[in-house]
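Notes for the structure review
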Amino acid sequence: MARSCPYSPPDAYAELRQGPPVKVRIRTGEAWLVTRYEDLRQVLMDERFSSDDTLPGFPVRIQLPPAPRVMSFTRMDGAEHNRLRRMIMPEFTARATRRLRPEVESLVGRLLDELAAGPRPADLVTRLSLRLPSLVIARMLGVPEADELDFAELSQEVLSQDASPQEIYAAFVRMTEYLDRLIAAKRAEPADDLLSRLATRYMATGELSHEDCVAMARLLLVAGHETTAHQLSLGVVSLLRHPGQLADLRRDPSLYGQAVEELLRYWSITQDNQVRVAVAEAEVGGARIAPGDGVILAYPSANHDETVFADGARFDIHRKDVSRHIAFGHGRHLCPGAPLGRMELEVCLRALFDRFPALRLADVPEPVVFRQNTINYGLTALHVTW
């Protein structure tokens, strides 16, 4: 949907929230668009709405090959979803995230050293935002650091809405072939990383197939890199646009956790790829949804719903109701990487503004360039100086 202001959700959402879900046209036909907070929560908790992208009517938003299990457990329901999801959950607990924090702080420090030594103005998207999540997820999975730039590019190609199906499929194949080789190497010589643990704990016993491990790794790379990178860029530009709130953070760094939650709520960068298909008749917000009907969940709309978030169109790090946001989803498909994403954002934003107290938008013709027609909202460029 069109945005009259790139710093705000699509205008149409405010009006759509006044009524029941409506049908909209998508590339593969039609689907219901759900825009109200309570309606989204209902769908996310209701087993009459399936995540299985092989079912008829499923609203395809990511143009990947139409094969079962291609998106791992995110496109599964029930026991099989739970079985595979449980295999990676120990890697993303709050405790595991705390153990990883010193390494993330070290990576951030290294990137900021390189930023300080480099030219000005600097594009923060390419110099920091895209690189940090790649480094973090690469360390977790055991991907060699030398491959980080290739994965950043591949993940963006796979999620593109502008590229042709042929281009998307080619990127998908290259990523899959790489992970196939990497996992085979981990099975032969395990190390201290997530893929090695999956190989030794679950693949060795036959509980996890090689193909499912590849799909799981591909999901974590794409989801862990793409979302955090663009949320970080948007976080920086938001705080630069609200100097009073940035000053509050400098006076009281304990507010960074709260600020991250507000950034997640305000931007809700997953635009329209959180989708379901009805497997039984259901009523949502006054709309009768039939079996086989696709449903698109408008997170940016729900997290600006005025009935839940007072003055929801306003960015405010002091917001009291922010903990109710659903930027990471809700229910059985709540994003497993939420603790890691929160920690990366908090560590990086705090370190960046501490290291560069005079950070500001550069005096160039277009310092902030927004991405257009993409699954996840974000920036293609953020030119800053200090």
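The rules behind each value
Residues numbered from 1 in each chain as written. Predicted model: local features only at pLDDT ≥ 70, side-chain atom pairs only at ≥ 80, totals over all residues. Heavy atoms only, no water. Helix = DSSP H or I, 4+ residues; strand = E, 2+ residues; numbered from the N terminus. Rg over C-alpha atoms; globule rule 2.2 N^0.38 Å. Buried < 20%, exposed > 50% of the residue type's maximum accessible area, 1.4 Å probe, protein only. Contact = heavy atoms within 4.5 Å. Axes fitted to C-alpha atoms, helices over the stretch in contact; angles between N-to-C directions. Left-handed = near helix turned anticlockwise from the far one by under 90°. Nonpolar A, V, L, I, M, F, W, Y, C, P; charged D, E, K, R; others polar. Parallel < 35°, antiparallel > 145°, perpendicular 65-115°, else oblique. Phe/Tyr/Trp six-rings, centres within 6.5 Å; stacked < 30°, edge-to-face > 60°. Polar contact = N/O pair within 3.5 Å; in protein donor to acceptor, adjacent residues only side chain to side chain. Pairing = 2+ DSSP bridges.

Scanning the chain from N- to C-terminus turns up 14 helices and 11 strands. In terms of overall size, the chain behaves like a compact globule, its C-alpha atoms giving a radius of gyration of 21 Å where 386 residues would be expected to give roughly 21 Å. Counting across all 386 residues of the chain, residues that qualify as buried make up 56%. In the chain, of all internal contacts separated by at least 6 residues, the share reaching a separation of at least 24 is 72%.

Before going further, it helps to examine the packing of helix α8 (residues 165-188) against helix α9 (residues 194-203). It is at 9 Å that the axes of α8 and α9 come closest, and there the two elements cross at 65 degrees. By crossing handedness, the relation of α8 to α9 is classed as right-handed. On α9, the residues that touch Leu182, Ile183, Lys186 and Arg187 of α8 are Leu195, Ser196, Ala199 and Met203. Classifying every residue of the contact of α8 with α9 by side-chain character gives 5 nonpolar, 1 polar and 2 charged.

Here the amide bond leading from arginine 120 into proline 121 is cis, since omega sits at -5 degrees, within 30 degrees of zero. Within the fold, proline 121 resides in the loop between α4 (94-117) and β4 (122-123). Even without glycine at this site, serine 268 takes up a positive phi of about 40 degrees. In this fold, serine 268 is placed in the loop between α12 (256-267) and β5 (275-278). In this structure, aspartate 311 is a non-glycine residue whose phi angle is positive, near 50 degrees. Structurally, aspartate 311 can be placed in the loop between α13 (299-302) and α14 (338-355). Residue classification places aspartate 311 among the partly exposed residues on the basis of a relative accessible area of 44%.

Our focus in this paragraph is helix α6 (residues 131-141). The element α6 is largely enclosed, with a buried count of 10 among its 11 residues. Those residues of α6 lying buried are Arg131, Leu132, Pro133, Ser134, Leu135, Val136, Ile137, Ala138, Met140 and Leu141. Following α6 by one or two positions, glycine 142 adopts a phi angle in the positive range, close to 90 degrees.

Orientation of helix α10 (residues 210-241) relative to helix α11 (residues 243-251), taken along the N-to-C sense of each, is 105 degrees, at an axis distance of 5 Å. The angle between α10 and α11 falls in the class roughly perpendicular. On α11, the residues touching Leu239, Leu240 and Arg241 of α10 are Pro243, Leu246 and Leu249. Residue classes in the contact of α10 with α11 are distributed as 5 nonpolar, no polar and 1 charged.

Another point: the packing of aromatic side chains. Taken as a whole and assessed by the stated rule, the structure comprises 10 aromatic pairs. Plain terms: the ring middles of tryptophan 267 and phenylalanine 370 are 6.5 Å apart, the flat faces sit at 35 degrees to each other, and that makes the pair tilted. Here tryptophan 267 is found in helix α12, whereas its partner phenylalanine 370 is found in strand β10 (residues 368-370), with 103 residues between them in sequence. Across the pair, exposure class does not vary: tryptophan 267 and phenylalanine 370 are buried alike.

Okay, the side chain of histidine 230 next. Along the chain, histidine 230 falls in helix α10. Filtering out sequence-adjacent residues up to four positions away, histidine 230 remains in contact with Leu130, Ile269, Arg371, Tyr377, Gly378 and Leu379.

Right, let's talk about the environment of arginine 342 for a bit. Inspection of the secondary structure assignment puts arginine 342 in helix α14. On the basis of relative accessible area, arginine 342 is assigned to the partly exposed category, the value being 28%. When the C-alpha positions of arginine 342 and glycine 78 are compared, they lie 27 Å apart, and in sequence the two are 264 residues distant. When near neighbours in sequence (up to four residues on either side) are disregarded, arginine 342 contacts Val260, Glu261, Leu264, His325 and Phe328. A polar side-chain atom of arginine 342 sits 2.5 Å from a polar atom in the side chain of glutamate 261.

Position of valine 384 among the secondary structure elements: in strand β11 (residues 379-385). Of the residues examined, valine 384 reaches a relative accessible area of 0% and is grouped as buried. Each C-alpha atom, one on valine 384 and one on leucine 359, is 6.8 Å from the other, the two residues being 25 residues apart in sequence. What valine 384 contacts, discounting residues up to four positions off in sequence, is Pro121, Ala122, Leu124, Leu240, Leu359, Arg360, Leu361 and Ala362.

Further remarks concern the pairing of strand β1 (residues 22-26). The pairing of β1 with strand β2 (residues 29-34) spans 5 bridges and is classified as antiparallel. Directly across from lysine 23, in β2, lies its bridge partner tryptophan 32.

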